[in-house]
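# Notes for the structure review
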Amino acid sequence: MLIYLILGFLCEKDMTGYEIKQKMMRSTSNFIDASFGSIYPMLKKMEKGELIKAEEGVEEGRFKKAYGITEKGKGEFMEWLQTPCTFSPFNYEYLNKLFFYKYLDEHEVVRLIASFRTTVASEYNKLTLIEEKHIQEMGVYEHATLRFGKEYYQMIMNWHEDLISEITGKKENNNENDEEI
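Residues numbered from 1 in each chain as written. Predicted model: local features only at pLDDT ≥ 70, side-chain atom pairs only at ≥ 80, totals over all residues. Heavy atoms only, no water.

### Describing the packing of helix H1 (residues 2-12) against helix H3 (residues 36-48)
Viewed as axis vectors pointing N to C, H1 and H3 meet at an angle of 75°, and their least axial separation amounts to 10 Å. One way to sum up the angle between H1 and H3 is to call them roughly perpendicular. Contacts from Leu2, Ile3, Ile6 and Leu7 in H1 reach Ser38, Ile39, Met42, Leu43 and Met46 in H3. (Axes fitted to C-alpha atoms, helices over the stretch in contact; angles between N-to-C directions. Helix = DSSP H or I, 4+ residues; strand = E, 2+ residues; numbered from the N terminus. Parallel < 35°, antiparallel > 145°, perpendicular 65-115°, else oblique. Contact = heavy atoms within 4.5 Å.)

### What to know about the confidence of the model for the protein
In this model, the protein carries a mean pLDDT of 88, and residues with pLDDT of at least 70 account for 90%. Confidence drops under pLDDT 50 across residues 176-181; counting only partners more than four residues distant or on other chains, this segment forms zero contacts. (pLDDT = per-residue confidence, 0-100.)

### Some points on unusual backbone geometry
Note: most residues except glycine have negative phi, and most peptide bonds are trans. The phi torsion at Glu50 lies on the positive side, around 60°, for a residue other than glycine. For Glu50, the location among the structural elements is in the loop between H3 and strand S2 (52-59). Exposure remark for Glu50: the relative accessible area of 54% places this residue in the exposed category. In this model, Glu60 sits at a positive phi of 55°, which is unusual for a non-glycine residue. Position of Glu60 among the secondary structure elements: in the loop between S2 and strand S3 (62-69). (Buried < 20%, exposed > 50% of the residue type's maximum accessible area, 1.4 Å probe, protein only.)

### Remarks on the packing of aromatic side chains
In total, this model carries nine aromatic pairs according to the counting rule given. Taking the centre distance of 4.6 Å and the plane angle of 5° together, the rings of Tyr4 and Trp80 count as stacked. Placement of Tyr4 in helix H1 and of Trp80 in helix H4 (residues 71-81) is noted, with a sequence separation of 76 residues between them. For the pair Phe99 and Phe100, a centre-to-centre distance of 4.9 Å together with 85° between the ring planes defines the contact as edge-to-face. Phe100 gets classed as partly exposed once you look at its relative accessible area, which sits at 46%. By way of ring pairs, the aromatic residues Tyr4, Phe77 and Trp80 are connected into one cluster. (Phe/Tyr/Trp six-rings, centres within 6.5 Å; stacked < 30°, edge-to-face > 60°.)

### A look at the packing of H1 against helix H2 (residues 17-27)
Two packed helices can be described by the angle between their axes and the distance between those axes. Closest axis-to-axis distance for the H1/H2 pair is 11 Å, and the angle between their directions is 100°. The angle between the axes of H1 and H2 places the two elements in the roughly perpendicular class. Of the residues in H2, those in contact with Leu2, Leu5, Ile6, Phe9, Leu10 and Glu12 of H1 are Ile20, Lys23, Met24 and Ser27. A breakdown of the residues in the contact of H1 with H2 according to their chemical character gives seven nonpolar, one polar and two charged. (Nonpolar A, V, L, I, M, F, W, Y, C, P; charged D, E, K, R; others polar.)

Okay, structure coming up:
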């Protein structure tokens with residue numbers, strides 16, 4: 001998937017590896033992200049496969065290597081872009097664990113769920129800041145993917161909040177029933 005993300009970015013303009021990473025952090029990190037350790041080897045592979053070309057130069061006394069998409073790269077990107085999407089459920093580690101939380105103490109379960117919710121909230125806040133800072137330069141489709149990420153994260157936070165209420169509510173209801181006996 002990283003290959004198509006890079007090709008898509010390079011359809012817009014030539015970029016350095018650093019610029020690709022920055023663009024990714026501002027735009028696609030809520031659904032695909034990569035480290036420099038993944039980006040640079042991919043760029044090398046793509047250059048070898050003639051999907052991109054590199055131009056080396058010096059700018060402000062610093063060595064720069066900018067990458068541009070080739071006709072072959074555009075063709076491969078457009079072919080991928082026009083292929084219909086298939087749906088597949090995500091592989092969520094937290095759901096795998098949650099399924100077995102019955103083996104943990106309820107206080108620990110609530111702590112783990114609240115901790116995960118806080119992590120998701122942090123990611124939501126990052127997208128909100130990106131949106132506030134870069135909305136003017138986003139096209140309709142870029143903004144749509146960012147909005148999807150925010151709404152998705154909001155749904156996860158709400159779902160976990162409801163789950164915590166359900167867990168703690170059950171415990172309170174069970175205690176009330178015990179008192180009536």
